[in-house]
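Below are the chains, spelled out letter by letter.
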Amino acid sequence: MMDCEAIKRSLGTWLDGALGPLEAEAIERHLEVCPLCLGERTRLERLEASLKSVLEERASGIAFEPFWGGVRQRIEEKRSRHVRLSDWATPVFSPQRLAWAIPLIIVFLIGLFSLEGFFPGWFGGQSRSNLTAVESIDAHGLNVALFRQSKTKTLVIWLFQHQEGEDESSGESGQGQPSF
Amino acid sequence: MNLLENLARASLLFSLWLLVLTADLGAAERGQTGVQLKIDTILASNQNDDFDPRLSGMKNQLAELKYRSYRLLKEETQKVPWQANATFDIPRGRVLGVVPQEYRNDRVSLKVRLLEGDKPLLDTTLTIRNRRNFLLAGPAHEGGVLILSISVTTQ
Amino acid sequence: MAAFQELVARYYHKVFMVVLGIFNHREDAMELAQEAFFRAYRKIKSFKGGSAFYTWLYRIAVNLSIDFKRRQRRNPMELREAMDGVMEERGELGKDPYSDVQGRELGRRLMAAINDLTPGHKAVIVLRAVEGLSYKEIGQILGCSEGTVMSRLHYARKKLQEKLAPFLG
């Protein structure tokens, strides 16, 4: 048997006809014997009736012709594609958003290019970030080769010398790679 | 008025940000007291195919040198004030001397000298981008070649 | 256009009632209801018949009203005064079971109480009161589940009852 609190919670749904048959029957039986819940039902019915009545009353007196006139006017304005696009784009390009978007975009672009300093080469290769410039070099009689690695662009300074006492075949040097 | 207010607000914030950025950049160059030099002494050879995992950060650079194996022999770091001379010991009695000269446009000017005892083997002046490195391939050593990676970071 | 005019004739009063219940301002409700039909006209080709036409139409009207309501910046007191003015001007006689005076007072307080609800709660109570739509239909209009409709209706009715207790007996 349902208690009064449970009945009160379900009264609205019952009045709406949205309860299952068993639950509905239980509520009906309860209302036959419980004056408190019956009073609650009455108040709810009055509320619903008042709602409908007030809304109908407030909306009364609206003639069709003027209403239709307003709708037709909107239709017959024949919004051009340009206007439709504007309608579509306006929320995106609203002045308020643009006011913030423009400086934010500028900040973003500056940040993007600044990142090059911290993450060299990330912005399309390492072509320039690792360039080292040699201003002067003196190998004091030794042969020296300067080259820049093709992929990493790292500067390599390679010294060549045949030293006395060194076993020229000592170990296997890199293929064709000179060493002291 | 709402639009103007928003534009004004956004412009103000943007200007403040630019001010902080430029001030920071200016301070960065003015406030540098010297450099941190890191010298990695690497043995490159073809005696095996081992690659020292401690050199993984330089894998791409070393790969272009075409040796089959690379081993980190020594890693040394020194903080060096401008115009001061930092020396690093290289195997077989060699010494690498580095003098940081100046810092401009995010590039560090260095004087580098390689000595064998008292005998100079190499003198070079170069300009390198901050936080970058270059390679100096030096003496033969233990069946391979010594490669020195010289990295520079301003302080 | 003639076919659409027939549709407008059939539904304009109900749509206006729903919009008025949510928006609580006669002139604005008129504009919004007309705009809702205009948008329905533009989107008529996209109506695939998956739901009843009036469900689709109410969805447009309710969404428009809720959006507008959320963006509304008017002082709520102005709305109540406007409503009072309209009711007095029209000299409306109450059609509910109570006396004219009490009926007018109930109507005023009822609309004020509805106005204090959130747009979502307003929508369910008005759709249920105006059309007697099922929970399923209301859920389709508002894009929520039947359970949500049920709980919103329960909450809205409870709030209205609390505020209108002296009038409901």
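Enquirer: Give me the overall build of chain A: which residues, what numbers.
Expert: For chain A, the count of helices and strands is six helices and three strands. Here chain A holds 180 residues, and the buried ones make up 16% of them. Contacts in chain A between residues at least 24 apart in sequence constitute 28% of all its contacts with a sequence separation of at least 6.

Enquirer: I'd like to hear about the interface of chain C and chain A, residue by residue, with values.
Expert: At the junction of the two partners, chain C supplies 35 residues and chain A supplies 30 residues. Among the secondary structure elements, those contributing two or more residues to the side of chain C that touches chain A are helix H1 (2-23), helix H2 (26-43), helix H5 (100-115), helix H6 (119-131) and helix H8 (146-168) of chain C. Broken down by element, the residue count for the side of chain C that touches chain A peaks at nine residues, all from H1(C).

Enquirer: Help me get a handle on the sheet that holds strand S5 (residues 107-116) of chain B, residues and values and all.
Expert: Pairing within the open sheet is antiparallel, and its five strands lie in the order S1(A)-S6(B)-S5(B)-S4(B)-S3(B). Of all the strands in the sheet, just strand S1 (133-138) of chain A together with strand S3 (86-90) of chain B have a single pairing partner and so form its edges. With strand direction ignored, the average angle separating the axes of adjacent strands in the sheet is 20 degrees. With five bridges joining them, S1(A) and strand S6 (residues 119-129) of chain B adopt antiparallel strand pairing.

Enquirer: Break down the sheet that holds strand S7 (residues 132-141) of chain B for me, with residues and values.
Expert: Strand order in the open sheet made by the six strands is S2(A)-S3(A)-S7(B)-S8(B)-S1(B)-S2(B), with mixed pairing throughout. Edge positions in the sheet fall to strand S2 (143-148) of chain A together with strand S2 (69-81) of chain B, since each has one partner strand and no second. Pairwise comparison of adjacent strand axes, ignoring direction, gives a mean angle of 20 degrees for this sheet. In this structure, strand S3 (residues 155-160) of chain A lies alongside S7(B), joined through three bridges in parallel fashion. Looking at S7(B), one finds that A:Ile157 is bridged to B:Leu136.

Enquirer: Provide a residue-level description of unusual backbone geometry, including the pertinent values.
Expert: All names here are of chain B. Phi angles above zero are rare outside glycine, and Lys 66 is one such case at about 70 degrees. Structurally, Lys 66 is set in the loop between helix H2 (59-63) and S2. You can call Lys 66 exposed: it has 12 C-beta atoms within 10 Å. With a phi close to 70 degrees, Arg 131 is a non-glycine residue in the positive phi region. With respect to the secondary-structure elements, Arg 131 resides in the loop between S6 and S7.

Enquirer: I'd like a description of the environment of B:Asp106, backed by residues and values.
Expert: Residue and element names in this part refer to chain B. Within the element layout of this structure, Asp 106 appears in the loop between strand S4 (94-104) and S5. With 14 C-beta atoms packed within 10 Å, Asp 106 lands in the partly exposed category. Each C-alpha atom of the pair Asp 106 and Thr 154 lies 9.0 Å from the other, and the pair is 48 residues apart in sequence.

Enquirer: Give a description of the pairing of strand S1 (residues 34-45) of chain B that names residues and reports values.
Expert: Residue and element names in this part refer to chain B. By the criterion of burial, S1 is predominantly enclosed, with nine of the 12 residues buried. Of the pairings in the sheet, the one linking S1 to S2 comprises 12 bridges and is antiparallel in character. Residue pairing for S2: Ile 42 is matched across the bridge by Leu 72. Where S1 and strand S8 (residues 144-154) come together, 10 bridges link them in antiparallel fashion. Following the sheet pairing, Ile 42 is matched in S8 by Ile 147.

Enquirer: Account for the nonpolar core, with residues named and values stated.
Expert: One finds C:Val15, C:Val18, C:Val19, C:Ala33, C:Ala61 and C:Leu127 to be the most contacted residues of the largest nonpolar core, which totals 57 residues. It is H1(C) that provides the largest number of residues to this core, a total of 11 residues. Beyond its immediate stretch of four places on either side in the chain, C:Ala61 contacts C:Val15, C:Val18, C:Val19, C:Ala33 and C:Ala36. B:Tyr103, B:Leu110, B:Val145 and B:Ile150 belong to the second-largest nonpolar core, a separate cluster that totals 40 residues.

Enquirer: Can you lay out the confidence of the model for chain A for me, pointing to particular residues and giving the numbers?
Expert: Residue and element names in this part refer to chain A. Mean pLDDT over chain A works out to 76, with 69% of the residues at or above the 70 mark. Per-element mean pLDDT across chain A ranges from 64 in helix H5 (residues 81-89) up to 91 in helix H2 (residues 21-33). Within the model, pLDDT remains below 50 along residues 163-180, and this stretch shows 36 contacts once partners closer than five positions in the same chain are excluded.

Enquirer: Please give an account of the packing of helix H3 (residues 53-71) of chain C against helix H7 (residues 135-142) of chain C that cites residues and values.
Expert: All names here are of chain C. Two numbers describe how H3 lies on H7: the axes approach to 8 Å, and their chain directions differ by 50 degrees. Compared by their axis directions, H3 and H7 come out oblique. Judged by the sense of rotation from one axis to the other, the crossing of H3 with H7 is right-handed. For the pair formed by H3 and H7, the contact residues are Thr 55, Tyr 58, Arg 59 and Val 62 on the first element and Glu 137, Gln 140, Ile 141 and Leu 142 on the second. Classifying every residue of the contact of H3 with H7 by side-chain character gives four nonpolar, two polar and two charged.

Enquirer: How would you explain the pairing of S6(B) if you had to name every residue and give the values?
Expert: Residue and element names in this part refer to chain B. With 10 bridges connecting them, S5 and S6 associate as antiparallel partners. When the bridges of S6 are listed, Leu 110 appears paired with Leu 126. The turn linking S5 back onto S6 is made up of two residues, and Gly 117 within it adopts a positive phi angle of 65 degrees.

Calculation rules
- Residues numbered from 1 in each chain as written.
- Chains lettered and ligands numbered in written order.
- Predicted model: local features only at pLDDT ≥ 70, side-chain atom pairs only at ≥ 80, totals over all residues.
- Helix = DSSP H or I, 4+ residues; strand = E, 2+ residues; numbered from the N terminus.
- Buried ≥ 20, exposed ≤ 12 C-beta atoms within 10 Å, placed from the backbone.
- Contact = placed C-beta atoms within 7 Å.
- Pairing = 2+ DSSP bridges.
- Axes fitted to C-alpha atoms, helices over the stretch in contact; angles between N-to-C directions.
- Core = buried A, V, L, I, M, F, W, Y, C linked by C-beta atoms within 7 Å.
- pLDDT = per-residue confidence, 0-100.
- Parallel < 35°, antiparallel > 145°, perpendicular 65-115°, else oblique.
- Left-handed = near helix turned anticlockwise from the far one by under 90°.
- Nonpolar A, V, L, I, M, F, W, Y, C, P; charged D, E, K, R; others polar.

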